[in-house]
Amino acid sequence: MVMKICIILIFVGVVVGVGIYTRQHAKSVDGFILGGRNVGPWLSAFAFGTSYFSAVIFVGYAGQFGWKYGLAAFWIGIGNAILGSLLAWWVLGPRTREMTQRLKATTMPEFFGKRYKSKALRIVSAAIIFVFLIPYTASVYNGLSRLFGMAFGLPYEACVIGMALVTCIYVVLGGYMATVLNDFIQGIIMLVGIIAVIAAVLAGQGGFSEAIISLSQIPAEGTDLQGAFVSMFGPDLLNLLGVVVLTSLGTWGLPQMITKFYAIKTGPAIKQGAIISTIFAAVVAGGSYFLGGFGRLFGDEISYAANGTPIYDSIIPTMLSGLPDILLGIVVVLVLSASMSTLSSLVLTSSSTLTLDLIKGNIVKEMGERKQITWMRGLIVVFVLISAAIALVQYNSTITFIAQLMGISWGALAGAFLGPFFWGLFSGKISKASVWVSFILGVGLTTSNMFIGFIASPINCGAIAMLLSLAVVPLVSLFTPKVPFDVKPPRTEGAIDREYVSELKGSASEL
């Protein structure tokens with residue numbers, strides 16, 4: 001116990017120290033929320049990855065989908081690495097950095113407002129972010145309860161309050177730079193921790209081969225497929241594909257993820273960040289889902305609901321309960337790192353959006369730079385308190401509405417924003433009406449399905465909302481007035497034409 005407490009205290013000391021160290025970078029609005037748009041590839045890639053994968057992934061999703069799909073859940077991690085990280089960086093990264101710099105946009109709502117020349121779009125998109133990020137922020141705490149209870153015997157309330165307090169301190173002090181520097185440290189812990197955990201859990205089952213043999217002998221419900229949980233595509237390929245789309249394509253339209261491209265350095269940093277981010281996702285996400293795939297081996301030890309269905313959040317903690325103390329301490333820090341990094345990104349996104357896109361110019365007419373930073377710092381505290389309160393209320397009651405809202409937040413946000421953001425970057429022939437249609441469709445489809453349930457799986461509903469957003473924006477734009485915009489980067493005086501450079505290289509090769 002002393003060892004585990006020391007590990008936690010060292011971790012807390014480091015992250016708070018980083019907040020103090022980086023406070024000089026938080027003296028301007030651009031510095032506070034984007035780090036001065038000069039963040040290197042390693043910090044940006046780790047910030048992207050740690051914001052992507054929280055305790056919700058490690059404890060909740062890995063346990064749930066590993067139980068349902070077996071080792072085929074590993075495909076979710078592969079999708080997260082290729083579609084959610086590599087292609088997101090390659091396709092969106094360079095254009096996002098250039099366009100937001102040209103428009104002088106620091107938030108996604110500000111991008112929508114300036115790109116489509118609409119103050120109403122800016123305000124509504126800010127409201128959507130506020131509504132759907134707060135419950136998602138509250139969900140980040142959920143992965144801590146069982147692990148902290150198992151490792152320390154601490155009540156859930158103490159875990160939530162402690163994590164909220166520490167996160168609030170370093171984000172308020174150092175802003176974006178404190179977040180990304182801590183994300184780098186926390187990302188290293190996540191990489192080391194997940195590899196160590198997988199090795200230890202498989203060793204406890206007699207090694208990889210023995211674990212595979214044991215898993216192959218467990219029958220899957222509703223199918224005659226032999227060895228379903230060790231098969232390549234698992235017992236339910238269609239729903240597995242829905243999870244891959246939701247958790248991978250979602251990063252293309254989530255404001256807390258896209259912001260990482262706003263802040264990165266120009267030049268080769270984006271290509272470097274793409275590779276680093278992809279490797280990180282393959283190890284952390286792939287490792288988490290791979291570990292969850294062996295959850296069925298612990299079927300007689302996990303917790304079950306009154307109706308006999310497994311409590312998915314209990315699967316991963318049960319798998320880890322037999323680990324040595326030192327390794328269990330590392331796991332707790334791993335989950336704490338994943339949670340704090342995601343929480344810091346979410347509250348920074350929420351506070352900056354609310355300050356710059358809703359309050360500034362609408363509620364408070366005159367707001368200088370120092371006042372904007374003060375508002376953002378104050379709102380960070382408010383958002384952390386609200387999310388912690390929601391997490392505590394939900395844990396101590398039978399309220400399920402918030403839990404459902406957490407599940408649809410990715411689908412609602414990415415379903416509303418993916419199409420308008422993507423096509424806004426690459427096409428100058430997009431209409432304002434198409435953006436409104438995407439907003440209404442994304443939020444309307446996911447929230448109405450929560451109450452009516454016309455699509456059985458909320459995961460599939462979110463994935464469908466994202467794909468529809470990509471389709472309806474160019475389709476509606478064909479029949480409605482376009483907002484003219486030159487998406488090509490302007491050529492500055494003295495700039496070298498890329499095609500000319502290619503011609504020179506070709507000539508040199510021939511010589």
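Please refer to the structure higher up on the page.
### Concerning the packing of helix H9 (residues 156-204) against helix H13 (residues 269-292)
Stage number 1. Axis separation between H9 and H13 bottoms out at 10 Å; the angle between their running directions is 30°. The chirality of how H9 crosses H13 is left-handed. Residue-level contacts link Gly187, Met190, Leu191, Ile194, Ile195, Val197, Ile198, Val201 and Leu202 of H9 to Phe280, Val283, Val284, Gly287, Ser288, Phe290 and Leu291 of H13.
Stage number 2. In terms of residue class, the contact of H9 with H13 is made up of 13 nonpolar, 3 polar and no charged.

### Details of the nonpolar core
Stage number 1. Ranked by internal contacts, the top residues of the largest apolar core, which has 161 residues, are Phe53, Phe58, Phe111, Tyr141, Phe294 and Phe417.
Stage number 2. Apart from the residues within four sequence positions on either side, Tyr141 is in contact with Tyr156, Val160, Met163, Ala164, Leu343, Val384, Ser387, Ala388 and Ala391.

### Section: a nonpolar patch on the surface
Stage number 1. Nonpolar side chains collect at one region of the surface, where Ile82, Leu87, Trp90, Ile275 and Ile279 lie side by side and expose about 460 Å² of accessible area between them.
Stage number 2. Where the nonpolar patch is concerned, the elements lending two or more residues are helix H5 (74-103) and H13.
Stage number 3. Broken down by element, the nonpolar patch gets its largest block of residues, 3 residues, from H5.

### A few points about the packing of aromatic side chains
Stage number 1. Under the defined criterion, the tally for this structure stands at 26 aromatic pairs.
Stage number 2. Both rings, one in Phe74 and one in Phe290, keep their centres 6.3 Å apart while their planes meet at 75°; by these two values the pair is edge-to-face. Taken together, the residues span a long stretch of sequence, with Phe74 in helix H5 and Phe290 in helix H13 at a distance of 216 residues.
Stage number 3. What makes Phe74 partly exposed here is its relative accessible area of 33%.
Stage number 4. Ring centres of Phe422 and Phe426 lie 5.2 Å apart, and the angle between their planes is 40°; this geometry places the pair in the tilted category. Of this pair, Phe422 and Phe426 both sit in helix H17 (residues 401-426), 4 residues apart, roughly one helical turn.
Stage number 5. We classify Phe426 as partly exposed; its relative accessible area is 33%.
Stage number 6. By the ring-pair criterion, three or more aromatic residues cluster together here, those being Phe111, Phe112, Tyr116, Phe417, Phe421, Trp436 and Phe439.

### Examining the environment of Leu165
Stage number 1. Note that Leu165 resides in helix H9.
Stage number 2. When the C-alpha positions of Leu165 and Val381 are compared, they lie 9.0 Å apart, and in sequence the two are 216 residues distant.

### A few points about the pattern of salt bridges
Stage number 1. Following the criterion strictly, the structure yields 5 salt bridges and no others.
Stage number 2. Across the salt bridge formed by Glu110 and Arg122, the nearest N and O atoms sit 4.0 Å from each other. Taken together, the residues span a long stretch of sequence, with Glu110 in helix H6 (residues 108-115) and Arg122 in helix H7 (residues 119-139) at a distance of 12 residues. You'll find Glu110 and Arg122 in the same group, each marked buried.
Stage number 3. Residue Arg122 pairs with Asp357 through a salt bridge whose shortest N-O separation is 2.5 Å. With a gap of 235 residues between them, Arg122 in helix H7 and Asp357 in helix H15 (residues 325-359) connect regions that are remote in the sequence. The same class applies to Arg122 as to Asp357, namely buried.
Stage number 4. Bridged by salt links that share partners, the residues Glu110, Lys114, Arg122 and Asp357 form one connected network.

About the cut-offs
- Residues numbered from 1 in each chain as written.
- Predicted model: local features only at pLDDT ≥ 70, side-chain atom pairs only at ≥ 80, totals over all residues.
- Heavy atoms only, no water.
- Axes fitted to C-alpha atoms, helices over the stretch in contact; angles between N-to-C directions.
- Helix = DSSP H or I, 4+ residues; strand = E, 2+ residues; numbered from the N terminus.
- Left-handed = near helix turned anticlockwise from the far one by under 90°.
- Contact = heavy atoms within 4.5 Å.
- Nonpolar A, V, L, I, M, F, W, Y, C, P; charged D, E, K, R; others polar.
- Core = buried A, V, L, I, M, F, W, Y, C linked by side-chain atoms within 4.5 Å.
- Buried < 20%, exposed > 50% of the residue type's maximum accessible area, 1.4 Å probe, protein only.
- Patch = residues over 30% accessible without salt bridge, like charges linked within 9 Å, V, L, I, M, F, W, Y side chains within 5 Å.
- Areas by Shrake-Rupley, 256 points an atom, 1.4 Å probe, with all protein chains shown as cover.
- Salt bridge = Lys/Arg side-chain N within 4 Å of Asp/Glu carboxyl O.
- Phe/Tyr/Trp six-rings, centres within 6.5 Å; stacked < 30°, edge-to-face > 60°.

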